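Observations on the model geometry
Chain residues, written in single-letter form:
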Amino acid sequence: MTDQPTSSLLDMTVGIVANYLSNNNLAPERIGDLISSTHAALANVGQPEPQAVEIYARASAGQIRKSIVDEGLVSFLDGRTYKSLKRHLSSNGITPDEYRDRYGLPSTYPMVSPAYSARRSELAKSIGLGAKGRKAKPSSDAPKASTKRGRPTK
């Protein structure tokens, strides 16, 4: 015996295609596509709709170059300029890596504007952050005093 849902699906497909062809002109080579698309549509009736995938336009090299200005970074999300994109992205539920991936940006794309980064660097240097290894070494020209049991010799 034949499977009831399959035979009814085929009967519905044949009926729909026959009615469509009796009222519309269609090139013979397109009839196969009509049959397969009608059958697929009927087979998916009652199934949940697939999640819509958002497609974002990839940024061109020129757009990427123009988005990095000294005063700030132009967001591809809303077109506004920001000193730092991290807070803007997190408020929109996106990580920096997702942002770079979504718009086709290189992994070296900055998240902080060049001027803001330079200003923060100068501030950090002025208060001595990161200077642990930069202390002046004693010159090798000065003779070292020899010691005997920790006391200088005369």
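Labelled according to an unreviewed UniProt entry, the protein appears under the name MucR family transcriptional regulator, originating from Brevundimonas intermedia. Check the Sequence similarities (unreviewed entry) section of the UniProt entry for the protein; it says "Belongs to the ros/MucR family."

1. Here's the deal with the sheet that holds strand β1 (residues 68–69)
Across the sheet, which stays open at both edges, the 3 strands sit in the order β1-β2-β3 with antiparallel pairing between neighbours. The sheet is open, and its two edges are formed by β1 and β3 (81–82), each paired on a single side. Two strands pair when backbone bridges link them, and β1 and strand β2 (residues 72–74) are joined in this way by 2 bridges, in the antiparallel orientation. Across the sheet, Val69 pairs through a bridge with Gly72, a residue of β2.

2. Comments concerning the nonpolar core
Formed by Ala59, Ile64, Leu73, Tyr82, Leu85, Leu89, Ile94, Tyr99, Tyr103, Leu105, Tyr109 and Met111, the largest nonpolar core amounts to 12 residues. Beyond its immediate chain neighbours, meaning those up to four positions away, Tyr99 contacts Val74, Ser75, Phe76, Leu77, Leu85, Leu89, Ile94, Leu105, Tyr109 and Met111.

Parameters and conventions
Residues numbered from 1 in each chain as written. Predicted model: local features only at pLDDT ≥ 70, side-chain atom pairs only at ≥ 80, totals over all residues. Heavy atoms only, no water. UniProt positions renumbered as here; feature names shortened; annotations may be inferred. Pairing = 2+ DSSP bridges. Helix = DSSP H or I, 4+ residues; strand = E, 2+ residues; numbered from the N terminus. Core = buried A, V, L, I, M, F, W, Y, C linked by side-chain atoms within 4.5 Å. Buried < 20%, exposed > 50% of the residue type's maximum accessible area, 1.4 Å probe, protein only. Contact = heavy atoms within 4.5 Å.

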